[in-house]
Amino acid sequence: MLLLAIDFDNLHQILQNLYVEMMPLCSKMTGVARGLAGLGALFYVAYRVWQALARAEPVDVFPLLRPFALGLCIMFFPTLVLGTLNSILSPVVKGTHTILESQTFDMNEYRAQKDKLETEAMKRNPETAYLVDKETFDNRLDELGAFDAIEACGMYVDRAMYNMKRAVQNFFRELLELLFNAAALVIDTLRTFFLIVLSILGPVSFAISCWDGFQASLSQWFVRYISIYLWLPVSDLFSSVLARIQILMLQRDIEQLSDPDFIPDSSNGVYITFLIIGIIGYFTIPTVSNWIVQAGGGAGNYGKNVNQAASKTGSVVAGTAGAAVGNIAGRLIK
């Protein structure tokens, strides 16, 4: 699955490049936003000045600076707003991605070591050595005489059944790994789409906040942008936790395989179970990031829809994997 992982890494990189290439479109919205903000600033300042004059009170100048500050943010939106936010949040993304890379590297190293020790353990067992070693299989065939044709046929059948069993297990493992990587790509794609929309239409949101009654749109834009931006580091941390769990399981298997008397079990049931957990867990990332920065309402009904999709996906994947692995692979073992 190394090539598959490389392909998905390329897709994630494409999404990052897409976000960077779409950022210049923010400048095309500044003209509309400046007009909208200017009209809102006119009514904002005029209402407060008229209110102060009607009450014979001195004009408080400081609150009147708000529209002008928003106007500066709109004029230099890609640099002043997006540049500042991304500069603050990007170290978080880099830090969590470094953790993920270290855990993934260790997991691949331990997995290769486990596969090697598992093959050596099966070779040590005379009853299973011919299943994984072609030389041992050929030697046993040479030892059999002409009257042992039935036993020779049984060896061919056993070897074919073993290879078929491994093929079925690898098929479901690769299928779930594909769904696991696809779930991460779905989250990253939605994150990139939301960030592009928030970035391009951000000047308009700033302009609308100049109007009375719409001031909350400014704070909502900030919290939603930060919350959605944090989807990627939360996803990396979730993947790091799963990778660490797999490393611990691989370390335990390596310790057991180091015992010459240990008989290995080629079942991948625990690994498949964690893949199913990972597929479902990826769809909880928006909820977790919303805990870090409370975005009122999140991204619309996305959280509710994601939870329903995760529940249905988990039921389908668990049912399919359980039925297939339990029935098909179970019969092959027999």
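Model, not experiment: these values are computed from the prediction.

**Student:** Lay out the overall build of the protein with the relevant residues and their values.
**Tutor:** Each helix and strand counted, the protein has 13 helices and zero strands in total. Counted from the first residue to the last, the protein has its helices and strands arranged as α-α-α-α-α-α-α-α-α-α-α-α-α. Put simply, the protein has 334 residues, and 38% of those count as buried. A separation threshold of at least 6 residues defines the contact pool for the protein, and within that pool the share at least 24 residues apart is 83%.

**Student:** Go over the nonpolar core with me, naming the residues and quoting the values.
**Tutor:** By size, the foremost hydrophobic cluster in this structure holds 44 residues, and its most contacted members are Phe77, Val81, Leu82, Phe206, Trp221 and Tyr225. Elements represented by at least two residues in this core include exactly helix H2 (26-54), helix H3 (66-75), helix H4 (77-124), helix H7 (149-200), helix H8 (202-208), helix H9 (216-229), helix H10 (231-257) and helix H11 (269-282). Setting aside residues no more than four positions away along its own chain, phenylalanine 206 makes contact with Leu70, Cys73, Ile74, Phe77, Val81, Leu218, Trp221 and Phe222.

**Student:** Give a description of the packing of aromatic side chains that names residues and reports values.
**Tutor:** Taken as a whole, this structure holds twelve aromatic pairs when the rule is applied. Between phenylalanine 194 and tryptophan 231, the aromatic rings sit 5.9 Å apart at their centres with planes inclined by 75 degrees, giving edge-to-face as the arrangement. In this pair, phenylalanine 194 sits in helix H7 while tryptophan 231 sits in helix H10, placing the two residues 37 residues apart along the sequence. Taken together, the aromatic side chains of Phe77, Phe206, Trp221, Phe222, Tyr225 and Tyr229 make up a single cluster linked through ring pairs. In this structure, arginine 48 is placed above the aromatic ring of tyrosine 44, and the distance from its NZ or CZ to the ring centre is 3.7 Å. Cation over ring: arginine 191 sits above tyrosine 229, and NZ or CZ is 4.9 Å from the ring centre.

**Student:** Just give me the short version of the UniProt feature "transmembrane region" (unreviewed entry) in the protein, but keep the residues and values in it.
**Tutor:** Cross-referencing UniProt, the feature "transmembrane region" (unreviewed entry) maps to residues 31-47, 67-89, 171-187, 193-214, 226-249 and 269-293 in the present numbering. Between the C-alpha atoms that bound residues 31-47 there is a distance of 24 Å. The span itself is 100% helix and 0% strand. Spanning residues 67-89, this segment combines 96% helix with 0% strand, and its end C-alpha atoms are found 26 Å apart.

**Student:** Could you give an account of H9, naming the residues involved and the relevant values?
**Tutor:** Here H9 contains 14 residues, and its C-alpha end-to-end distance of 20 Å stays within 8% of the 20 Å for a straight helix at 1.5 Å per residue. Turning to H9, its buried residues number three or more, namely Leu218, Trp221, Tyr225, Ser227, Ile228 and Tyr229.

**Student:** Help me get a handle on H3, residues and values and all.
**Tutor:** Listed as buried for H3 are Pro67, Leu70, Gly71, Cys73 and Ile74. Summarising the axial view, the buried residues of H3 lie within an arc of 160 degrees, below the 170-degree limit, and thus occupy one face.

Calculation rules
- Residues numbered from 1 in each chain as written.
- Predicted model: local features only at pLDDT ≥ 70, side-chain atom pairs only at ≥ 80, totals over all residues.
- Heavy atoms only, no water.
- Helix = DSSP H or I, 4+ residues; strand = E, 2+ residues; numbered from the N terminus.
- Buried < 20%, exposed > 50% of the residue type's maximum accessible area, 1.4 Å probe, protein only.
- Contact = heavy atoms within 4.5 Å.
- Core = buried A, V, L, I, M, F, W, Y, C linked by side-chain atoms within 4.5 Å.
- Phe/Tyr/Trp six-rings, centres within 6.5 Å; stacked < 30°, edge-to-face > 60°.
- Lys NZ or Arg CZ within 6 Å of the ring centre and 35° of its normal.
- UniProt positions renumbered as here; feature names shortened; annotations may be inferred.
- Expected span 1.5 Å × (residues − 1).
- Arc of directions from axis to C-beta.

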